[in-house]
Structure formats: C-alpha cells, structure tokens
Amino acid sequence: MTTPSAIRTGRPDYPEMGERLREARQARSLSLRTLAERLGVSPSLISQIETGRANPSVSTLYAIAAELDVSLDELLFNDRRPAEPAAPARPEAPVSGTMAPAPPVQRAADRHSIRLASGVNWERLTTVSEPGIEFLHVTYEVGGASSPPDAFQRHPGHEWGYVLSGRLQVRIGFDEYVLEPGDAISVNSSIPHRLATLGDEPVHAIWFVLGRAQFDAQTLLDDHLGGRD
C-alpha cells in the first residue's frame, strides 16, 4: 500500500462519533454506568469515547453497536443508503435490484476510514452504507489485534476475509489458523474469535461481514454448511 490509511480523507470526526453514541444511549434511557456494566467495561471508557478522547477496540465497538441496536455505519459515519423510492405505477423501463441507485465507484483516496484501538484501521469499500453488509479494507498494524490477548469478540453474522499482505493469526474458539497473502477464511461470527498480526509486517486484508444485525448468525452458518454442525 503506497498511501497510508492515516491520511485518507473522509475520516469520521471522533467527537461526532461520540455524540452519536451518546444520542443513541440516551434515546434508550441508558446511563453511562448501565451501558458500561452491560458491556463489561468501565463507565470512564464509555465517557471518553463519547467525548472523543478515546477510540474503542473492535470488540468494544461491536458490543456497543449490538447493545444500542445501531449499525456500525450509523455509529461511525452517520450515513445510510437512501430508502428505495416507491415504484411508479407504470415504469418507463424495467427496474432491477432492490436498493436505490448509488455511485458505483469508491475511489481509494475518498474512503471513509476509522482507526480503532489496538492498532486496527477500517476503511469502508462502499460509497454508502449497505444494510446488513460490511465491506472493508482492514489494516492490522504491527502488534495490532481485534481484542486483548485474553479476550475474544463475538457478534451476529458471518464473515469472510482475504489477506493481501502480512501474516494474520485467527483464533476461532479453540482452533488457531495463520493466514498468509492469498489465503482466505470463512468465520461464523457468533463463535468467539480474535484476529492479530504475526511478525513485523502490518496485515492488509479485505473483510466482508454479512448480517451483523439483520440476520441470525447460526442460520447463516447452517445455510453455508448445508445444515451440518
């Protein structure tokens, strides 16, 4: 990668992300302490995220979004694909697809990006938020990980990853895998998992998550495996 993620344009402003978090929390009449207890973190961490003085880890971000029942794009970037307009009674031309038109090309220099805690950077590869889908270029810096060594993340949905460069350690339950450039992986996101860089080279990967909030993860896994455990 010749263009560091840190200089991408379109990055969300952390205070704005914190404001959206606070608005979502208050809309559900949750105190800082109550939300923190549900997430298993300190109230001061939630406060620091809301005021833009701290950015969450991947696992904390997923937990916040799930607990507040908001999409990651809504929380991070405050945008969503416009609702599909009502179909005309007599369309002049055949209409295909189920979503409203959006610019088809996401230029590399204009990606929305956010740097999470623990050395992880997400860059959205869609021009707008796609309901039920996360399509990302992910960078794990040297020493970067999705969660602390003794903690795993889990969330609804199913995810697929493809490593472009570097070596990525993936732990799924009690199993461990090492992905190298060209390797790909499929993960039931409801199983506790952790991703981390191995070695002294950052990891660049493409990640696709389906159904973080819209679908039941076990149903997706059953469909994917033909109903086998």
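Heads up: the structure comes first, above all this text.
I will try to describe carefully the structure that is included in this document. (Residues numbered from 1 in each chain as written. Predicted model: local features only at pLDDT ≥ 70, side-chain atom pairs only at ≥ 80, totals over all residues. Heavy atoms only, no water.)

## With respect to unusual backbone geometry
Of note, S29 is a non-glycine position whose phi angle comes to about 55°, a positive value. Relative to the assigned elements, S29 resides in the loop between α1 (14–27) and α2 (32–39). (Helix = DSSP H or I, 4+ residues; strand = E, 2+ residues; numbered from the N terminus.)

## Section: the sheet that holds strand β2 (residues 120–124)
Read from one edge of the open sheet, six strands run β1-β2-β3-β9-β4-β7, paired in antiparallel fashion. The sheet is open, and its two edges are formed by β1 (113–116) and β7 (184–188), each paired on a single side. On average, adjacent strands in this sheet sit at an angle of 25° to one another, irrespective of strand direction. Sheet strands in contact with helix α4 (residues 58–68) are β1, β2, β3 (133–140) and β9 (203–210), and its direction is about 50° off that of β2. (Pairing = 2+ DSSP bridges. Axes fitted to C-alpha atoms, helices over the stretch in contact; angles between N-to-C directions. Contact = heavy atoms within 4.5 Å.)

## Looking at the packing of aromatic side chains
Taken as a whole and assessed by the stated rule, the structure comprises two aromatic pairs. Between W160 and F208, the ring centres sit 5.9 Å apart and the planes meet at 45°, which makes this aromatic pair tilted. With a gap of 48 residues between them, W160 in strand β4 (residues 158–165) and F208 in strand β9 connect regions that are remote in the sequence. On the basis of relative accessible area, F208 is assigned to the partly exposed category, the value being 28%. Here a set of aromatic residues connected by ring pairs shows up, and it is made of F135, W160 and F208. (Phe/Tyr/Trp six-rings, centres within 6.5 Å; stacked < 30°, edge-to-face > 60°. Buried < 20%, exposed > 50% of the residue type's maximum accessible area, 1.4 Å probe, protein only.)

## Re the pattern of salt bridges
Should their charged atoms come close, side chains of opposite charge can pair. For the structure shown, the criterion picks out five salt bridges. Here E141 makes a salt bridge to R115, at a shortest N to O gap of 2.8 Å. Here E141 is found in the loop between β3 and β4, whereas its partner R115 is found in strand β1, with 26 residues between them in sequence. For E141, a relative accessible area of 30% corresponds to the partly exposed category. For R115, a relative accessible area of 31% gives the class partly exposed. (Salt bridge = Lys/Arg side-chain N within 4 Å of Asp/Glu carboxyl O.)

## Digging into the pairing of strand β6 (residues 175–179)
Note: strand β5 (residues 167–172) against β6, five bridges, orientation antiparallel. Opposite Q169, over in β6, you have V178 as the bridge partner. Hairpin geometry of β5 and β6 is characterised by an intervening segment of two residues between the two adjacent antiparallel strands and by a positive phi of about 60° at G173.

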